[in-house]
Amino acid sequence: MLAQSASSDESCDHHSNEMEFDEDEVDKDTIQENRRFWDNQHQLLQATLCRTSSLESRIRHATKEALQEIESVETACGCGRQIPATTCRNCLMREVSRHLQKAGYNSAICKTKWRSSPDIPSGEHNFLDVIERTKRGEVRVIVEVNFRGEFEMARGSEDYNQLVGRLPEVFVGKVERLSNVIKIVCMAGKRCMKEKKMHMGPWRKHRYMQAKWLGPCERDTCTTSLSMMPMPMTKPRPRASMLTVDLLDKLPNMHCTPVEVV
Ligand SMILES: [Zn+2]
């Protein structure tokens, strides 16, 4: 057993037991400390979002153009619903991916799926990515068409809502940048709930947000077949290997008997 520590170290806050607050303790120091925290989160977020590589800029620009075009031609939803594709998340992602592929990018719809754990409930999420080969190797850029919406809280504090208001509606950025942004906003969400003495929904936890975008995913490039134009710039690369490994991991009882090809 761990010895009880008398230290009031902030890092001990991550325990799941609810903490009780005495109104008298919310004194000047706390207000100042809170202010420092929020100012810091704002600065961190600003610094993370404004630093951008030329590759990210190019893909961001191409995504913006794709969205404008989809909107202007009033593409219809392909799921059989009487709505425009711009209001159907699946169709919007498929169309954006198709446009990015037409522009020469190796774009795909990614699907993450995770099991429940004591911390977070199970779930799945779809988003886009672009994989580009650069001099320094492969770079993966994530495209999330409804980024800000994923963090909005109806009962968020003013500080939290202001921070979330700084997030782009459409996020286009490298995995590391996304990871940093998620960390900053989830820390802010945790703080906001603590300040409001409210319980934080497990789907708002850092672990959950990480599972959404940063967990193992299946890449679906199938919009390629819908594309009218060939993609001379992107060479098709075998993607099956990763998926096969993933599948075999999930089906431990499956026997891999060789199949005769007729
Ligand atoms: Zn649709």
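Refer to the preceding data block for the structure.
Report on the accompanying structure. Note that the structure is a prediction, hence the values are computed from the model and not measured.

### Concerning the pairing of strand β3 (residues 137-144)
Bridge analysis of strand β2 (residues 123-134) against β3 gives 7 bridges, and the strand direction is antiparallel. By the bridge assignment, D129 is partnered in β3 with I142. Joining the antiparallel neighbours β2 and β3 is a turn of 2 residues. Pairing analysis gives 4 bridges linking β3 to strand β4 (residues 171-174), with the strands arranged antiparallel. Its bridge partner lying in β4, E144 is registered against F171.

### With respect to helix α5 (residues 175-195)
For α5, which comprises 21 residues, the first-to-last C-alpha distance of 30 Å matches the rise-based estimate of 30 Å (1.5 Å per residue) to within 8%. Within α5, the full set of buried residues consists of R177, L178, V181, I182, I184, V185, C186, A188, G189, R191, C192 and M193. At its buried positions, α5 is contacted by α1 (28-50), α2 (54-72), β3, α4 (158-165), β4 and α6 (206-214).

### A closer look at the pattern of salt bridges
A complete count under the given rule lists 14 salt bridges for this structure. R191 is paired through a salt bridge with E33; the nearest N and O atoms lie 2.6 Å apart. With R191 in helix α5 and E33 in helix α1, this pair connects stretches of sequence that are 158 residues apart. Assessed through its relative accessible area of 10%, R191 is described here as buried. Its salt-bridge partner being R140, residue D129 comes within 2.6 Å of it at the nearest N-O pair. Of this pair, D129 sits in strand β2 while R140 sits in strand β3, placing them 11 residues apart in sequence. Counted as one network, the salt bridges with shared partners bring together E33, R191 and E195.

### Thoughts on α4
Because each turn of an α-helix spans 3.6 residues, side chains separated by three or four positions in sequence point in the same direction. The set of residues buried in α4 consists of D159, Y160, L163 and V164. Buried residues in α4, looked at end-on, bunch into an arc of 130°, giving them a common side. In this structure, the buried residues of α4 make contact with α1 and α5.

### A few points about the sheet that holds strand β5 (residues 217-220)
The strand order across the open sheet formed by 5 strands is β4-β3-β2-β1-β5, and the pairing between neighbours is antiparallel. The sheet terminates laterally at β4 and β5, the two strands that pair on one side only. Strand-to-strand twist in this sheet, taken as the mean axis angle between neighbours without regard to direction, amounts to 30°.

### Examining the packing of α4 against α5
Between α4 and α5, whose axes approach to 9 Å, the crossing angle comes to 165°. With respect to α5, the element α4 is oriented roughly antiparallel. In this structure, the crossing between α4 and α5 has a hand that is left-handed. Along its contact with α4, which presents Y160, L163 and V164, the element α5 presents V185, A188, G189 and C192. In terms of residue class, the contact of α4 with α5 is built from 6 nonpolar, 1 polar and no charged.

### Overview of the side chain of T75
Considering the arrangement of structural elements, one finds T75 in the loop between α2 and α3 (89-102). A polar contact of 3.5 Å, which involves the side chain of T75, links it to the backbone oxygen of I70. Apart from residues no more than four positions distant in its own chain, T75 is found in contact with I70, P84, A85 and E95.

### Some details on the coordination of the zinc ion
For the zinc ion, the protein coordination sphere consists of C77 (SG), C79 (SG), C88 (SG) and C91 (SG), at 2.3 Å. Here the donor residues of the zinc ion are spaced in sequence according to C-x1-C-x8-C-x2-C. Look at C88 and you get buried, because its relative accessible area is 1%.

### Details of the environment of K205
As for its placement among the helices and strands, K205 is situated in the loop between α5 and α6. Distance from K205 to G189, taken between C-alpha atoms, is 8.2 Å for residues 16 residues apart in sequence. Setting aside residues up to four positions removed in sequence, K205 forms contacts with D119, I120, C186 and M200.

Scoring rules and cut-offs
- Residues numbered from 1 in each chain as written.
- Predicted model: local features only at pLDDT ≥ 70, side-chain atom pairs only at ≥ 80, totals over all residues.
- Heavy atoms only, no water.
- Pairing = 2+ DSSP bridges.
- Helix = DSSP H or I, 4+ residues; strand = E, 2+ residues; numbered from the N terminus.
- Expected span 1.5 Å × (residues − 1).
- Buried < 20%, exposed > 50% of the residue type's maximum accessible area, 1.4 Å probe, protein only.
- Contact = heavy atoms within 4.5 Å.
- Salt bridge = Lys/Arg side-chain N within 4 Å of Asp/Glu carboxyl O.
- Arc of directions from axis to C-beta.
- Axes fitted to C-alpha atoms, helices over the stretch in contact; angles between N-to-C directions.
- Parallel < 35°, antiparallel > 145°, perpendicular 65-115°, else oblique.
- Left-handed = near helix turned anticlockwise from the far one by under 90°.
- Nonpolar A, V, L, I, M, F, W, Y, C, P; charged D, E, K, R; others polar.
- Polar contact = N/O pair within 3.5 Å; in protein donor to acceptor, adjacent residues only side chain to side chain.
- Donors = N, O, S within 2.8 Å, 3.2 Å for Na, K, Ca; no water.

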